[in-house]
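Architecture and fold: a report
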Amino acid sequence: MKKFKGAIGLLALTLFLAACGGEEASTRTFEMENNGIVTTMVYTTEGDKVTKQSTENLIQYDLAGIESKEQAQELFDPLIGEFQGIEGITHQMEYEEDQAVETMEIDYETVDFDEIENLPGMSFSDDPKDNGVSMEKSLEILESQGFKEVE
């Protein structure tokens, strides 16, 4: 069960926050495979400021120790429910026969940080309302967790 909560935590990886500038938007993509879960994270940035974070988890049931589509639903549905109905977050889980596909997008320009601060995987070192999400700080955390940047 800890693996599955970790997967949800990875999906919601918000990391540390710092001051940001006002440059042109660009994207950076990171990937990691761990215990049958392939995670792809795409950060949209303006300078050091992360404006949007999109995450996709491909969870292979057999590699993640899940016996069936139904067992995956039992495990993930309660966790997924915590992210529903929050402005600035789009979160979906599709259950296929041999894998689940989880997608989430966080729009840091519209999300209410007070509303998300206690969700699984959300962690802030500074006040996000004042400083925003730092790509530089996020990169440090991503690399320490085993993510690799892809072109």
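To be clear, the structure that these remarks concern was listed above.
First things first, this report covers the structure right here in the doc. (Residues numbered from 1 in each chain as written. Predicted model: local features only at pLDDT ≥ 70, side-chain atom pairs only at ≥ 80, totals over all residues. Heavy atoms only, no water.)

**Observations regarding the pattern of salt bridges**
For the structure shown, the criterion picks out three salt bridges. Ionic pairing is found between Glu109 and Lys49, a salt bridge with its closest N-O pair at 3.0 Å. Of this pair, Glu109 sits in the loop between β5 (99-107) and α3 (113-116) while Lys49 sits in strand β3 (residues 49-60), and the two are 60 residues apart along the sequence. By relative accessible area, which is 22% here, Lys49 ends up partly exposed. Two residues, Glu97 and Lys69, come together in a salt bridge whose shortest N-O distance is 3.7 Å. Taken together, the residues Glu97 in the loop between β4 (89-95) and β5 and Lys69 in helix α2 (residues 69-81) connect sequence positions 28 residues apart. Residue classification places Lys69 among the partly exposed residues on the basis of a relative accessible area of 23%. (Salt bridge = Lys/Arg side-chain N within 4 Å of Asp/Glu carboxyl O. Helix = DSSP H or I, 4+ residues; strand = E, 2+ residues; numbered from the N terminus. Buried < 20%, exposed > 50% of the residue type's maximum accessible area, 1.4 Å probe, protein only.)

**Regarding the packing of aromatic side chains**
Remark: the centre distance and the inter-plane angle together describe each pair of aromatic rings, the angle taken between the planes. Under the definition given, this model contains two aromatic pairs. Where Phe30 meets Tyr43, the ring centres are 5.8 Å apart and the plane angle is 85°; that geometry is what we call edge-to-face. Of this pair, Phe30 sits in strand β1 (residues 25-34) while Tyr43 sits in strand β2 (residues 37-46); the two residues are 13 residues apart in sequence, bridging distant segments of the chain. Judged on exposure class, the residue Phe30 and its partner Tyr43 are both buried. Taken together, a centroid distance of 6.0 Å and an interplanar angle of 0° make the contact between Tyr108 and Phe113 stacked. Judged on exposure class, the residue Tyr108 and its partner Phe113 are both buried. (Phe/Tyr/Trp six-rings, centres within 6.5 Å; stacked < 30°, edge-to-face > 60°.)

**Focus on the nonpolar core**
Most often, soluble globular proteins keep nonpolar side chains buried together rather than apart. Core analysis: the largest hydrophobic core is formed by 21 residues, its most contacted members being Ile89, Val111 and Ile116. Those elements that place two or more of their residues in this core are β1, β2, β5, α3 and α5 (135-144). With three residues, α5 is the single largest residue contributor to this core. Ile37, Tyr61, Ala64 and Phe76 belong to the second largest nonpolar core, which has 12 residues in total. (Core = buried A, V, L, I, M, F, W, Y, C linked by side-chain atoms within 4.5 Å.)

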